[in-house]
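# A look at the structure
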Amino acid sequence: MSLAPSRKAGDTVESTLLQVHTELRHVSDHEHEHHDAVTVDLLTPSRDLPFVGICLLKPGTVVEIKSAMVVYGEAQRRGRFLLRRSQHEHLLEEGGVYLFAVCAPNPARDIIAAKVVPASLVDEFDFSWVSRKTRSDYAQVTWTQVFAPKEVEGQ
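Residues numbered from 1 in each chain as written. Predicted model: local features only at pLDDT ≥ 70, side-chain atom pairs only at ≥ 80, totals over all residues. Heavy atoms only, no water.

All right, on to the layout of surface pockets then. A volume near 250 Å³ is recorded for the second largest pocket. What lines the second largest pocket is a set of 15 residues, among which Arg47, Asp48, Ile112, Ala113 and Ala114 lie closest to the centre. Secondary-structure elements contributing two or more residues to the lining of the second largest pocket are α1 (5–20) and β8 (111–118). The element best represented in the lining of the second largest pocket is β8, accounting for five residues. Classifying every residue of the lining of the second largest pocket gives eight nonpolar, three polar and four charged. (1 Å grid on protein atoms, 1.4 Å probe; cavity = no way out; pocket = protein on both sides within 12 Å on 5 of 7 lines; lining within 4 Å. Points joined across faces, edges and corners; volume = space filled by probe spheres on them. Helix = DSSP H or I, 4+ residues; strand = E, 2+ residues; numbered from the N terminus. Nonpolar A, V, L, I, M, F, W, Y, C, P; charged D, E, K, R; others polar.)

What follows is the structure, encoded as structure tokens:
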């Protein structure tokens, strides 16, 4: 069974981030379905990976990687991150973080900007959960709630 294009794109971004930030170890869906990585070494902010509201990630911190294209569709709308309620609640329980990445709308999904945000601060974003009968509730968050437009569009 082949992966959906959005899943393939997300996997591409995730792989790139894990290669660049060796302080993170990949966590497969078989190991845990609610996060993508865990810190194995101290991770501190940098110019390429700023943090919001925290100064460091200690080893053992769970990380969910979310990516969105800078624009999508014929109308060139700003991309959105898809959050799943079950993942979000897991991150809150574990004191976890999101690693958000905005990508170019090309097959390589070149990363334009990335940022670490604690799950507890994501609750402050403007979104609402959409209920579904067969899967976890979800929400969509535009990248402008995580990044200032100049951080992304000025690149």
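Glancing now at the nonpolar core. Within soluble globular proteins, side chains that are nonpolar generally end up buried alongside one another. Membership of the largest hydrophobic core comes to 22 residues, with the highest contact counts inside it found for Phe81, Phe100, Val122, Phe125 and Phe147. Contributions of two or more residues to this core are made by β3 (62–69), β6 (80–84), β7 (97–103), β8, α3 (119–122) and β9 (138–142). Filtering out sequence-adjacent residues up to four positions away, Val122 remains in contact with Leu83, His88, Tyr98, Phe100, Val117 and Phe127. Formed by 17 residues, the second largest nonpolar core is a distinct cluster that contains Val13, Val97, Leu99 and Ala101. (Core = buried A, V, L, I, M, F, W, Y, C linked by side-chain atoms within 4.5 Å. Buried < 20%, exposed > 50% of the residue type's maximum accessible area, 1.4 Å probe, protein only. Contact = heavy atoms within 4.5 Å.)

Pairs of aromatic rings are described using the distance from one ring centre to the other and the angle between the two planes. Considering all chains together, one arrives at three aromatic pairs under this definition. Seen from their ring centres, Tyr98 and Phe100 are 5.2 Å apart, and the 20° between their planes marks the pair as stacked. Overall, the relative accessible area of 0% leaves Tyr98 in the buried class. Among the aromatic residues, those joined into a ring-pair cluster are Phe81, Tyr98 and Phe100. (Phe/Tyr/Trp six-rings, centres within 6.5 Å; stacked < 30°, edge-to-face > 60°.)

Moving on: helix α2 (residues 85–94). Where α2 is concerned, the buried positions are Gln87, His88, His90 and Leu91. Along the long axis of α2, the arc covered by the buried residues comes to 160°, so they all point the same way. Looking at the buried residues of α2, the elements they touch are β3, β6, β7 and α3. The positive-phi residue at the C-terminal boundary of α2 is Gly95, with phi of around 65°. (Arc of directions from axis to C-beta.)

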